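These are the residues of each chain, in order.
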Amino acid sequence: MLEIRELTVYYGLHAAIRNVSLQVEPGEIVVVLGANGAGKSTLLRATMGMVRPASGHVLLDGLDLTSLVRRNLTHQIVEQGLILVPERGGTFTDLTVRENLLLGAFPRRARAKEKELLEFALSLFPRLKERWNQRVGTMSGGEQRMVAVARALLSAPRFLLLDEPTLGLAPVLAKQLLRVLPQIAAQGIGVLLVEQNAHLSLAVAQRGAVLSNGELVHASSAAELQDDPAVRAAYLGSQ
Amino acid sequence: MTSILDALVTGLVYGGIYALLALGLTLQYGVARILNLAYGDFLIAAAVFATLLYQRFQLSPLVSLLLLLPASFLIHLLVYHLVFVQLERRRGSWRAMEASSILLAFGLSFVVSGAMLAIFGGKLFSYSYLLVPVQLLGSVVPANRLLALVLALAFGGFAYLLLVRTRIGTAIRAIAVDPDGAPLAGIDVRRWAGLTFAFGGIICAASGVLISMFQTFNVPMGVTFTLKALVVVIMGGVGNAVGALVAGLILGVTESFVARFISPGLTLAAVYGLFVLAVLTMRTGIFGRALR
Ligand SMILES: Nc1ncnc2c1ncn2[C@@H]1O[C@H](COP(=O)(O)OP(=O)(O)OP(=O)(O)O)[C@@H](O)[C@H]1O
Ligand SMILES: [Mg+2]
């Protein structure tokens, strides 16, 4: 289980997230919805040790990762089985698809299972096989997201964190991309997704919550969230 | 006609070695983000040791390589962790370190060359190794130069293959193009930057030994080698191995033609000229892309 406990992050005097607690079980998909500036990226980046939290803990199957988080040892957190596909990023754009996936399996934990993981990732995104030697920077936005997710999978994660993977994608592509998440979760990988696209993400998630001004509110099942009038008003528009 | 051919062949021989020496500097700068202004002084140190080993113990420079390359690796690794990592700690971030690291490396250059000057002064070093003429492309070249060129190209080619063909080499290139994104691929940036800096140190020492095989040199020449390496790095593009090869050959041939047809006294001026041209016109190097 991935457990985020009362995480608080400040940028200067401004608290970007305050006392955020969240749990993800293996094989489960959890979505955190939030408007621009709500603190979604901060939550994920702090979990990976990419920004230093003022207080709070990150635990992975009971193992306390907080000291790694506080010392910015992101590569060691990856080695423990957490991985993040960052907002808009998560690829080396100057390198080819092949090289990106090769580096996905750079962590030691990934080596033993590299072949199966590569097969799995390519079964989710067969398109990447055709683009094998193409530089990622020259690919379309949707294809770049595929490379980023595939690269993350090759690290043999126990939990996969995704920061707005559908950002900037046409609705059809966004839907296609999110449709692979249940297949990933079926492998026993826990998925923590932050999104502004409530329709698409609640459709694939089991549980969800809303991040509002840095505080987590409305944590409940995805179905309940979909019916929650406040959530409907803020994230689901008039539909 | 033969003099043009001679100049060309000499230029290509020097050029191949310049390419190798620039490859070490470009790795240190592109990956560890340290513009190592002490590079030429470390190179001279390796050349001095190779000369002494030859003169005192009749040790072939090929054997010296086996001793000096690992030694240089260890020394550079130590320097990285004792000097530059400390600086990074003080500065708080690795970006803030870039400017101060230039000053530190400049200081390091004085320490290394100063120590050698105290011991050897400005005396000239040379030894005659494989001084037999060889026919090449209708020109005559001493065998030692030819061997140096062949070894330079072999070292350079080997380093290039490591960078392009292996997972670790790919990770090193990833650090060069996206140091902030590398940890998310599980890459320990500081560790691999240190090892790459030290690997650059191996190439630096190899260049020094190869140069000692055919060229007379003294301690104060360290700075000119730093300058030449810098010219090639900037012309070829930081972190670009193929660019370094082409730029190295251009520099070698230019030097050799200026020395032969204008005046030997103007070769350094020609190097400066290329340097200024490179800085003014080519922000990303001949091929416009880093690390391809
Ligand atoms: N490096 C930073 N320095 C200072 N303030 C920051 C920094 N990064 C984020 N912030 C601020 O923290 C708050 C939360 O930002 P964050 O990026 O986590 O939001 P988000 O929910 O991911 O937004 P978006 O949907 O636009 O990606 C915002 O007010 C933002 O301006
Ligand atoms: Mg964000």
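This section reports on the structure supplied with the text. (Residues numbered from 1 in each chain as written. Chains lettered and ligands numbered in written order. Predicted model: local features only at pLDDT ≥ 70, side-chain atom pairs only at ≥ 80, totals over all residues. Heavy atoms only, no water.)

Attention now goes to the site of ligand 1. All names here are of chain A. Every one of the 14 residues lining ligand 1 counts as a neighbour, but G37, K40, S41, T42 and E164 are closest to it. Take N36: an N or O atom from its side chain is 2.9 Å from an oxygen atom of ligand 1. Between A38 and ligand 1, the recorded distance is 3.2 Å, taken from a backbone N or O atom to an oxygen atom. Its free accessible area being 630 Å², ligand 1 has 60% of it covered by the protein chains. Elements represented by at least two residues in the shell around ligand 1 include exactly β2 (14-24) and α1 (40-47). (Near = heavy atom within 4 Å. Polar contact = N/O pair within 3.5 Å; in protein donor to acceptor, adjacent residues only side chain to side chain. Areas by Shrake-Rupley, 256 points an atom, 1.4 Å probe, with all protein chains shown as cover. Helix = DSSP H or I, 4+ residues; strand = E, 2+ residues; numbered from the N terminus.)

The next subject is the coordination of the magnesium ion (ligand 2). Ideal donor angles around a metal are set by the shape: a four-donor tetrahedron calls for 109.5 degrees, a six-donor octahedron for 90 or 180 degrees. Residues and elements named next belong to chain A. In this structure, S41 (OG) and E87 (OE) serve as the protein donors to the magnesium ion (ligand 2), at separations of 1.9 to 2.0 Å. Here S41 is found in helix α1, whereas its partner E87 is found in the loop between β6 (82-85) and α4 (97-104), with 46 residues between them in sequence. The class for E87 is partly exposed, based on a relative accessible area of 30%. (Donors = N, O, S within 2.8 Å, 3.2 Å for Na, K, Ca; no water. Buried < 20%, exposed > 50% of the residue type's maximum accessible area, 1.4 Å probe, protein only.)

The next subject is helix α6 (residues 167-177) of chain B. An α-helical turn contains 3.6 residues, so any two residues separated by three or four positions project in the same direction. Of all 11 residues in α6(B), nine are buried, a share of seventy percent or more. The complete set of buried residues in α6(B) reads R167(B), G169(B), T170(B), A171(B), I172(B), R173(B), A174(B), I175(B) and A176(B). Where α6(B) is buried, its residues touch α4, α5 (108-111) and α6 (114-124) of chain A together with α1 (2-32), α5 (143-165) and α7 (189-212) of chain B. A distance of 2.9 Å separates the backbone nitrogen of G169(B) from a side-chain oxygen at the start of α6(B), and that oxygen is part of T166(B). (Contact = heavy atoms within 4.5 Å.)

On to the sheet that holds strand β8 (residues 190-195) of chain A. All names here are of chain A. Pairing is mixed in the open sheet, where six strands are placed in the order β6-β7-β8-β3-β9-β10. If you trace the sheet from one side to the other, it starts and ends with β6 and β10 (215-221), each paired once. Across the sheet, the axes of successive neighbouring strands diverge by a mean angle of 20°, strand direction being ignored. Judged from the four bridges that link them, β6 and strand β7 (residues 159-163) form a sheet pairing that is parallel. In the sheet register, L84 faces β7, and the bridge partner there is L161. (Pairing = 2+ DSSP bridges. Axes fitted to C-alpha atoms, helices over the stretch in contact; angles between N-to-C directions.)

Next up on the list: the environment of V210(A). Residues and elements named next belong to chain A. In this structure, V210 sits in strand β9 (residues 207-212). Note on V210: relative accessible area 4%, which makes it buried. Separated by 172 residues in sequence, V210 and A38 place their C-alpha atoms 9.2 Å apart. Those residues within four positions of V210 in sequence are excluded, and the remaining contacts are L33, E215, L216, V217, H218, L225, V231 and Y235.

With that settled, consider the nonpolar core. Here is a general trend for soluble globular proteins: nonpolar side chains tend to be buried in one another's company. Counting residues in each nonpolar core, the largest one holds 87 residues, and the members touching the most others are L21(B), Y80(B), F84(B) and I187(B). If sequence neighbours within four positions are ignored, I187(B) has contacts with H75(A), F106(A), A171(B), A174(B), I175(B), A182(B) and W192(B). V69(A), V97(A), L177(A) and L225(A) belong to the second-largest nonpolar core, a separate cluster that totals 81 residues. (Core = buried A, V, L, I, M, F, W, Y, C linked by side-chain atoms within 4.5 Å.)

This part is about the pairing of β10(A). All names here are of chain A. Both β9 and β10 contribute to a ladder of five bridges, which runs antiparallel. Along β10, the bridge assignment pairs R207 with S221. The loop that links β9 with its antiparallel partner β10 comprises two residues; one of these, N213, has a positive phi angle of about 50°.

Residue and element names in this part refer to chain B. An ideal rise of 1.5 Å per residue puts 30 Å on 21 residues; helix α9 (residues 241-261) measures up with 30 Å between its terminal C-alpha atoms. Turning to α9, its buried residues are A241, G243, A244, A247, G248, L251, G252, V253, E255, S256 and V258. Among the structural elements, α1, α5, α8 (222-236) and α10 (267-281) are those in contact with the buried residues of α9. (Expected span 1.5 Å × (residues − 1).)

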